[in-house]
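# Structural features, examined
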Amino acid sequence: MCYDWGESNEEAVSVLEGQAGWLSCPLFSHPSVYNYTSTQSAGHNLFWYRLPEGHDLEQPITYSLRLSKDRERLWLQPAMAEDTGLYICMLRNKSSCSKIAMRLKVLRLDEVVREPDCQPPVVVAPTHLVIPLQEEKTLECPNLQDATKMADGPTTVTWYHVRVEHMKCYQYPFWNSERQQKGASLQFYVMYLEYQGLYVCTVTYLRRGRALNFTRSINVTAVNPSNLPKEPSILHPTKDQVFTVKKDTEVRLVCRGVLPYLNSSWEIWWTVDGKTLDKLADQRFTNSNSLLTYYYGDRTEESVLVIKDFQSEDLNREYNCSVRNDRGFETRRAQLEEEVSLPSMELGCGLGVTLVLMLLLFVVYHVFWLELLLLYRSWFGTDERHTDDKEYDVYISYARNSEEEQFVLTTLRRVLENELGYSVCIFDRDSLPGGTITDETLSFVARSRRLLVVVSPGYASKGSQALLELKAGIDGMALDGHLRVILVQYKPVQRKGWVRELRRARVALALVRWQGDKSRELTSHFWKRLRVELPVRRVSSRDEEEDSKEVALMRLHSQNSTNSQTGLITTTVKDPQKVFNCSA
């Protein structure tokens, strides 16, 4: 009888066409079951058969210079495309036999994907090697010893380094002296981060006068140096941390630990009352582990303990999270406390009242925001008369035509001076005859706290005095910030009708729109909005006294301005409280 193990569950063996390759009989992959030396001593012989693709009958392999057997291996030197198929190795004697099948896949060069130009094609999966930073290591080409046994002379090895992140390939000799080839090996004297990547080695040897080769690869990874601390530690929970839990819910306790790189085993786990979960009878307790970060070999692992349908008696249990590797062990207890539930009715009522109050405040602010702002300014605003040396509160700039001049003199000036108590400067009224218009205009603007520009379709035609006033105000606002420009739109103006200076500064300037009869009352939106932009004015008894003196002196000046400049003029003005004397 012959025992058939079927087809091996290992992946198919891949060999590049034109290169040397071999098949190892899977029966000997478990030495405790089959050992080649002991089977030979027991009279068993190893035979190879082949089932080509598209055929139903297996055929015995005819050995030749290209196909040969060496112990448990079948060598193909070199492999050909037609060698692809199912291979069967049979171990038998006169009374029994065992056989198992395996697949061979011979790939053509155009079937192998490779990015860098200098990288030779590799069809065998790479081996993995870890090298600590700042340390030395020697790379040996995989399967080199197998080729040495089949070679008729010395073997040669060519090394390549492929930097995967840059997709660049370098053939030995490399650009530095920390990596040197010694014989067939590649010696790392000092490991650096940039030395990571794929190392490809091509083995070349002679067999019966024919040059053969095969290619293998090693994936090299850098890890933290060995002289760094390697003891594990717990990041979460901290020593004083308390988990808040709620009855009849699912509770999740999270444990995070750092496990430095060691070429050994490691573990992170939870215990409940000193027992691991597999020994705990309660099925409500489960856990899951996951990798959070991997930094040059150092791992940050997370273990989550899930408690379903948490009960009050679970508070009395002891929950411990532990981490361990070959260098150390650490454990930490998780402290639990039950969450205090708030009365839902009281909480809902309080939240409802809060929302209603917030909505009410929002409505009040939205409707009365100007009044609130004016009230705030009257309480906490700073009177600019006490902080600067300006002479006028407002300088009014407007187009010199009858309609706008009447609006300025009968409406703006009257309310600002008589109702609101501001000192207003109007060039045509306050300038002295005989002066230079440009100099006096710049002087008036510089001595004012606000420049109020009355914008209308006829404002600031090119070369007018209004344009000079506008430029002086914008320049003063940009240079020292002690002057602010306010736009009062007397009549609607299209954007193309705005002068260039206004178009540039429009974004930063306040615009107050006059709406005809709706804006005449002092309580209208226009005057409230304008007062927000004007200086804060606080009138005290001392201020009223100084203002009365100033008014009296101005009246005397106007009465006596027509008299002769020679001689002495003395005028006495009687007031119910004060007597003022003026002499010239």
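- If you look the chain up in an unreviewed UniProt entry, it shows as Interleukin 1 receptor accessory protein from Seriola dumerili.
- According to the UniProt record, the Subcellular location (unreviewed entry) comment for the chain is "Membrane".

### So, the pairing of strand 24 (residues 298-307)
- Most of strand 24 sits out of view: nine of its ten residues are buried.
- Note that strand 20 (residues 251-259) and strand 24 share nine bridges and pair antiparallel. By the bridge assignment for strand 24, C255 is matched with S303.
- Where strand 23 (residues 285-295) lies against strand 24, ten bridges are found, and the strand directions are antiparallel. Residue pairing across strands places Y295 opposite D298, the latter belonging to strand 24.
- Between the end of strand 23 and the start of strand 24, which pair antiparallel, lie two residues, with Y296 showing a positive phi angle near 50°.

### With respect to the packing of aromatic side chains
- Evaluation of the coordinates by the stated rule reveals 23 aromatic pairs.
- Between the aromatic rings of W514 and F526, the centroid separation amounts to 5.0 Å while the plane-to-plane angle is 90°, which identifies the pairing as edge-to-face. With a gap of twelve residues between them, W514 in the loop between strand 31 (510-513) and helix 9 (525-533) and F526 in helix 9 connect regions that are remote in the sequence. Of the two residues, W514 and F526, both sit in the buried class.
- For the cation-ring pair, R92 lies above F47, with the distance from its terminal atom to the ring centre recorded as 4.3 Å.
- Here the basic side chain of R179 rests over the ring of W175, its NZ or CZ set 4.7 Å away from the ring centre.

### Quick look at the packing of helix 3 (residues 344-380) against helix 9
- Relative to each other, helix 3 and helix 9 sit at 35°, their axes nearing to 10 Å. In the packing of helix 3 onto helix 9, the handedness of the crossing is left-handed. Of the residues in helix 9, those in contact with W369, L370, E371, L373, L374 and R377 of helix 3 are H525, K528, R529, R531 and V532.
- Taken together, the residues of the contact of helix 3 with helix 9 sort by class into five nonpolar, one polar and five charged.

### What about the sheet that holds strand 24?
- Strand order in the open sheet formed by four strands is 18-20-24-23, and the pairing between neighbours is antiparallel. Each having just a single partner strand, strand 18 (233-236) and strand 23 make up the two edges of the open sheet. Put simply, the sheet's adjacent strands are angled 25° from each other on average, direction ignored.

About the thresholds
- Residues numbered from 1 in each chain as written.
- Predicted model: local features only at pLDDT ≥ 70, side-chain atom pairs only at ≥ 80, totals over all residues.
- Heavy atoms only, no water.
- UniProt positions renumbered as here; feature names shortened; annotations may be inferred.
- Buried < 20%, exposed > 50% of the residue type's maximum accessible area, 1.4 Å probe, protein only.
- Helix = DSSP H or I, 4+ residues; strand = E, 2+ residues; numbered from the N terminus.
- Pairing = 2+ DSSP bridges.
- Phe/Tyr/Trp six-rings, centres within 6.5 Å; stacked < 30°, edge-to-face > 60°.
- Lys NZ or Arg CZ within 6 Å of the ring centre and 35° of its normal.
- Axes fitted to C-alpha atoms, helices over the stretch in contact; angles between N-to-C directions.
- Left-handed = near helix turned anticlockwise from the far one by under 90°.
- Contact = heavy atoms within 4.5 Å.
- Nonpolar A, V, L, I, M, F, W, Y, C, P; charged D, E, K, R; others polar.

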